[in-house]
Amino acid sequence: MSHLKERKEKNCLNCNAQLQGRYCNICGQENVEPKESAWHLVNHFFQDITHFDGKFFTTLWLLISRPGFLSAEYARGRRASYLNPIRMYVFSSALFFLIFFSFFKVDDNTINNNASIKGKTLKQISQMDTAAFNKFTQEINKEAFGNNTPMSRERFKVFFDSALANMNPGFQFSGTNYQSLAEYDSLVNIGVVKDGWVKHVFQRRQLQIKDKYKGHSGEMTKILIDVFLHKLPQMMFISLPLLALLLKLLYIRRKAFYYVNHGIFSIHLYIYVFIALLISFGLNKIHDKTGWLIFDVLKVFVNFSIFFYLYKALKNFYQQGRIKTISKYLILLLSFTFLVAILFVIFLFLSVFSI
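Novice: Help me out: how do you make sense of the overall build of the protein chain in this one?
Specialist: A count of helices and strands for the protein chain gives 15 helices and 2 strands. Buried positions account for 36% of the 355 residues belonging to the protein chain. As displayed, the protein chain offers around 21600 Å² of accessible surface, 62% of which is attributable to carbon and sulfur atoms.

Set out below in structure tokens:
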């Protein structure tokens, strides 16, 4: 209930029905004065999203502390006491990806720090002591220029930047020996190359990328990663009904559970995953700032808790024995990992065709 003043008139402003109390028995609208302050608007916004009347925190605590309980309550029809799972998913998903994109920003430093030479990233190389650095750069100098002398750190930085700038974009959908898109198209036009439709599309896209970002692989990689990361919310959303479908197939003999029940279970699981990953990101940032091992250990514990949570949720919600639950748990993990891998490849291709 809002804290706005109730109207003296007893007709509903929404449907014009006659009122017997504060709420319309036809459409449910509250009979309050339509004029409200900015504070009321802000307050109503947060209440509408999260139901900050105790329901949000109660639901959150039960979701974390009692895996599978909320899904079971929903299946029994006990829903008014808890926050709606779909609304909670939308809120937690929006919050998760808002923070996720602020944590994972793709810039030139990200590309440079993740690029590697002889299996070592720039960050790892910069942290080498003098003896190890001299030995490493001596090998590089010998292979690249036939010179046995080690490089200075300034000279190596110049060499690394030059090597990174001249990297080939490196996307090999089907393999290509053509130097440019024009060369490929001309060979296709005169009938020398007769690729199938799928291979033809991949060849042309690969060569378009090669032509567009020639000598600028860092820029191409940055754009590709950014496009792919911004497709993750879509990938997560699509994977949710697929997880529910796998659960439906695994528990097909349990006639009391409908597809919607598996869907609600999947939504609650995803919400916990969002919460656990947010905590993990925070611990990782603290570890990077302090260097304290305890935060790295806690991060591993939080990440592992996702797998334990899934097992406990399956056991509590579907009420089967330990052996059956473990068997279905392992089957679910393997099959869902396979589905996610397929989605990953599909969205990676979509990202490549978007840049």
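Novice: Just checking my understanding: could you explain the packing of helix α2 (residues 55-65) against helix α13 (residues 259-290) for this structure?
Specialist: Packing of α2 against α13 brings their axes to within 10 Å, and their N-to-C directions diverge by 90°. By the angle between their axes, α2 is roughly perpendicular relative to α13. Where α2 approaches α13, its residues L60, L63 and I64 are matched on the opposing element by H268, I271, Y272 and I275. Its residues assigned to classes, the contact of α2 with α13 comprises 6 nonpolar, 1 polar and no charged.

Novice: So what exactly am I meant to see when it comes to the pattern of salt bridges here?
Specialist: Any two side chains of opposite charge can pair, on the condition that their charged atoms come close. Enumeration according to the criterion identifies 6 salt bridges in this entry. Between E9 and R7 there is a salt bridge, with its nearest N and O atoms 3.7 Å apart. For R7, a relative accessible area of 8% gives the class buried. For R76, the salt bridge is made with E73, and the minimal N-O distance between the two is 2.9 Å. Here R76 and its partner E73 are both found in helix α3 (residues 69-76), 3 residues apart, which amounts to about one turn of the helix. Residue E73 is classed as buried on the basis of its relative accessible area of 5%. One salt-bridge network, in which partners are shared between bridges, spans E73, R76 and R78.

Novice: I would appreciate a short explanation of unusual backbone geometry in the present structure.
Specialist: Residues apart from glycine generally show negative phi values, whereas peptide bonds are mostly found in trans. Within the chain, N16 stands out as a residue other than glycine whose phi angle is a positive 65°. Residue placement: N16 occurs in the segment before α1 (38-50). Judged by relative accessible area, N16 falls into the exposed class, the value being 52%. Residue Q319 is not a glycine yet carries a positive backbone phi of 55°.

Novice: I'm lost on empty space enclosed by the protein in this one. Help?
Specialist: If a probe the size of a water molecule is rolled over the atoms, the empty space left behind becomes visible. As enumerated under the stated definition, the model contains 1 cavity of 30 Å³ or more in all. Of all the secondary structure elements, the ones that give two or more residues to the lining of the largest cavity are α3, α13 and α14 (293-318). Across the lining of the largest cavity, the residue classes tally to 8 nonpolar, 3 polar and 1 charged.

Novice: Before we go on, may I ask you to explain the nonpolar core in this structure?
Specialist: For soluble globular proteins, nonpolar side chains are generally found buried alongside one another. The biggest cluster of nonpolar side chains holds 54 residues, and the ones touching the most others in it are L247, F265, L314, Y318 and L332. Those elements that place two or more of their residues in this core are α2, α3, α4 (85-103), α11 (217-229), α12 (232-250), α13, α14 and α15 (322-352). At 14 residues, α13 tops the list of elements feeding residues into this core. Ignoring any residue separated from it by four or fewer positions in sequence, one finds L332 in contact with L243, L246, L247, L250, L310 and L314. I125, F136, F156 and F159 belong to the second-largest nonpolar core, a separate cluster that totals 9 residues.

Novice: Where do I start with the layout of surface pockets in this structure?
Specialist: One number sums up the size of the largest pocket: a volume of about 750 Å³. Looking at the lining of the largest pocket, the elements with two or more residues in it are α4, α12, α13, α14 and α15.

Novice: Mind showing me how you'd approach a nonpolar patch on the surface here?
Specialist: A surface patch of nonpolar side chains, about 520 Å² in accessible area, is lined by W292, L293, I294, V297 and L298. Mapped onto the fold, W292 is located in the loop between α13 and α14. Here W292 falls in the exposed class, since its relative accessible area comes to 53%.

Novice: Got a minute to help me understand α4 in this structure?
Specialist: Since the α-helix advances by 3.6 residues per turn, residues separated by three or four positions end up pointing in the same direction. Here α4 is 19 residues long and its end C-alpha atoms lie 26 Å apart, about the 27 Å a rise of 1.5 Å per residue gives. Of all the positions in α4, only P85, M88, Y89, S92, S93, F96, F97 and F100 are classed as buried. Down the axis of α4, the sector holding all buried residues measures 145°, keeping them to one side. Those residues of α4 that are exposed and angled more than 90 degrees off the buried face are V90 and L98.

Novice: Sorry, what's going on with the packing of aromatic side chains here?
Specialist: For any pair of aromatic rings, the description rests on two quantities: the centre-to-centre distance and the angle between the ring planes. Summed over all chains, the structure comprises 23 aromatic pairs. Clustering of aromatic rings is evident, with ring pairs tying together Y89, F96, F97, F100, F101, F274 and F281. For R66, the ring lying beneath its charged end belongs to F69, and the centroid distance is 3.9 Å.

Novice: I keep staring at the environment of L246 and nothing clicks. Help me out?
Specialist: Assignment of secondary structure puts L246 in helix α12. In this structure the C-alpha to C-alpha distance between L246 and L339, which are 93 residues apart in sequence, comes to 9.9 Å. Ignoring anything within four residues of it in the chain, the contact list for L246 reads L332, S335, F336 and L339.

Rules used throughout
- Residues numbered from 1 in each chain as written.
- Predicted model: local features only at pLDDT ≥ 70, side-chain atom pairs only at ≥ 80, totals over all residues.
- Heavy atoms only, no water.
- Helix = DSSP H or I, 4+ residues; strand = E, 2+ residues; numbered from the N terminus.
- Buried < 20%, exposed > 50% of the residue type's maximum accessible area, 1.4 Å probe, protein only.
- Areas by Shrake-Rupley, 256 points an atom, 1.4 Å probe, with all protein chains shown as cover.
- Axes fitted to C-alpha atoms, helices over the stretch in contact; angles between N-to-C directions.
- Parallel < 35°, antiparallel > 145°, perpendicular 65-115°, else oblique.
- Contact = heavy atoms within 4.5 Å.
- Nonpolar A, V, L, I, M, F, W, Y, C, P; charged D, E, K, R; others polar.
- Salt bridge = Lys/Arg side-chain N within 4 Å of Asp/Glu carboxyl O.
- 1 Å grid on protein atoms, 1.4 Å probe; cavity = no way out; pocket = protein on both sides within 12 Å on 5 of 7 lines; lining within 4 Å.
- Points joined across faces, edges and corners; volume = space filled by probe spheres on them.
- Core = buried A, V, L, I, M, F, W, Y, C linked by side-chain atoms within 4.5 Å.
- Patch = residues over 30% accessible without salt bridge, like charges linked within 9 Å, V, L, I, M, F, W, Y side chains within 5 Å.
- Expected span 1.5 Å × (residues − 1).
- Arc of directions from axis to C-beta.
- Phe/Tyr/Trp six-rings, centres within 6.5 Å; stacked < 30°, edge-to-face > 60°.
- Lys NZ or Arg CZ within 6 Å of the ring centre and 35° of its normal.

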